[in-house]
Amino acid sequence: MSPASTPQGWVLGRIGAAPVVVSPTSLLLGLLIAASWYPPVSSTLARLGLGAPVVLVTVAGTVLGVGLSVLVHELSHGLAGTVLGRRPVRYELYLWGGRTSFGPAREWTAWKDLVTSLSGPATNLLIWLVGTLVQDSARLPVPATFTVWAVTLVNLALAVFNALPGLPLDGGYALAALVIQVTGNRRLGLKVAGWGGIVVVGGVVWWWILRPLLLEGRQPDAFNLILVVMVGWSIVASSWQVLELGGGARAASKLDLRELARPVRVVGPDTPLSQV
């Protein structure tokens, strides 16, 4: 049976009461990973006498492993939230990652947001550790070794990148929660995390684009360039909104609706219009 579809993507199934929705744009990320991974796998396995079918299976296994890593990352958010008293209502997988949406909670504090946010990167770090131990201790066939190595490395990247202190990354929400827990000021927490996102984008652009151009005299890798644009756009858009950097947002933030309010007189249903 084919998965159900929604305007936002395909519903692969449910975990508890929460649907797992995959955005069609996730297929594009899978194609990008496959396109970047196929050449080195093909050249290496060809020297060992392994043909195209083995190469395709190895690349497909890597793409599937990355997708499962992102899903496990989101499920860890849901598990942490459930344990702390807030159940997930939806899991979503996108081109650049995923999102876990939660239902209401009666007693929810900032430190719980902190724990829930960091549970995802912590899970990826655990997968990286397990993968590293498998590589060091197990004798695997060469195609399996390639897949385990790639998925292990991706999980380390997911752990580090998602822990960076900028919205909408997990580290950004954790930073906001920490500031809120210490100061009790939600607006300040979001502002700090918003500026953290701007700093993160600056660092990513420097490391993956400007550093190769200015210090190494070479063109940035096309795959890295595409990822920087996609991820950077998401972070900048979130930070821009939180920091109210747009003219309309600044004007709206300065508008005091109390100055526009007028007293309202309550009348009965039988009151003539001349008395209103």
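Residues numbered from 1 in each chain as written. Predicted model: local features only at pLDDT ≥ 70, side-chain atom pairs only at ≥ 80, totals over all residues. Heavy atoms only, no water.

(A) Looking closely at the overall build of the protein chain. The secondary structure content of the protein chain amounts to eight helices and five strands. Each helix (α) and strand (β) of the protein chain, taken in turn from the N terminus, gives the series β-β-β-α-α-β-β-α-α-α-α-α-α. By residue count, 34% of the 276 residues in the protein chain fall in the buried class. The long-range share in the protein chain, meaning contacts at least 24 apart out of those at least 6 apart in sequence, stands at 57%. Accessible area of the protein chain: about 16800 Å², with a carbon and sulfur share of 68%. (Helix = DSSP H or I, 4+ residues; strand = E, 2+ residues; numbered from the N terminus. Buried < 20%, exposed > 50% of the residue type's maximum accessible area, 1.4 Å probe, protein only. Contact = heavy atoms within 4.5 Å. Areas by Shrake-Rupley, 256 points an atom, 1.4 Å probe, with all protein chains shown as cover.)

(B) Highlighting the side chain of serine 119. Mapped onto the elements, serine 119 comes out in helix 3 (residues 110-137). Of the polar contacts made by the side chain of serine 119, one reaches the backbone oxygen of threonine 116; its length is 2.7 Å. Among residues more than four places away in sequence, those in contact with serine 119 are Ser76, His77 and Ala80. (Polar contact = N/O pair within 3.5 Å; in protein donor to acceptor, adjacent residues only side chain to side chain.)

(C) View of the pattern of salt bridges. Evaluation of the coordinates by the stated rule reveals six salt bridges. The partner of glutamate 216 in a salt bridge is arginine 218, and the shortest N-O contact between them spans 2.6 Å. It is possible to trace a salt-bridge network through shared partners that takes in Arg90, Glu92 and Arg99. (Salt bridge = Lys/Arg side-chain N within 4 Å of Asp/Glu carboxyl O.)

(D) Broad picture of a nonpolar patch on the surface. On the surface, a nonpolar cluster with roughly 730 Å² of combined accessible area is contributed by Trp206, Trp207, Trp208, Leu210, Leu213, Leu214 and Leu215. Looking at the secondary structure, you find leucine 215 in the loop between helix 6 (186-214) and helix 7 (222-243). (Patch = residues over 30% accessible without salt bridge, like charges linked within 9 Å, V, L, I, M, F, W, Y side chains within 5 Å.)

(E) Representation of helix 1 (residues 25-47) in the model. With 23 residues, helix 1 extends 34 Å from end C-alpha to end C-alpha; this agrees with the ideal 33 Å at 1.5 Å per step. At tyrosine 38, helix 1 shows its strongest bend, of approximately 35 degrees, with the proline proline 39 following within four residues. Looking only at helix 1, the buried set comprises Ser26, Leu29, Gly30, Leu32, Ile33, Trp37, Val41 and Leu45. Buried positions along helix 1 lie against strand 3 (18-22), helix 2 (52-84), strand 4 (88-94), helix 4 (142-162) and helix 7. Following helix 1 by one or two positions, glycine 49 has its phi on the positive side, about 85 degrees. (Expected span 1.5 Å × (residues − 1). Bend = angle between axes of the 7 residues up to and from the residue.)

(F) Quick peek at the packing of aromatic side chains. Under the counting rule described, the total for this entry stands at two aromatic pairs. Centroid distance tryptophan 37 to tryptophan 149: 5.8 Å. Interplanar angle 25 degrees. Geometry classified as stacked. Residue tryptophan 37 is found in helix 1, and its partner tryptophan 149 is found in helix 4; the two are separated by 112 residues along the sequence. Taken together, the ring pairs in this structure connect Trp37, Phe146 and Trp149 into an aromatic cluster. When the ring centre of tryptophan 108 is taken as reference, the NZ or CZ atom of arginine 86 above it lies at 5.3 Å. Geometry around tryptophan 207 places arginine 211 over its ring, the cationic atom sitting 3.8 Å from the centre. (Phe/Tyr/Trp six-rings, centres within 6.5 Å; stacked < 30°, edge-to-face > 60°. Lys NZ or Arg CZ within 6 Å of the ring centre and 35° of its normal.)

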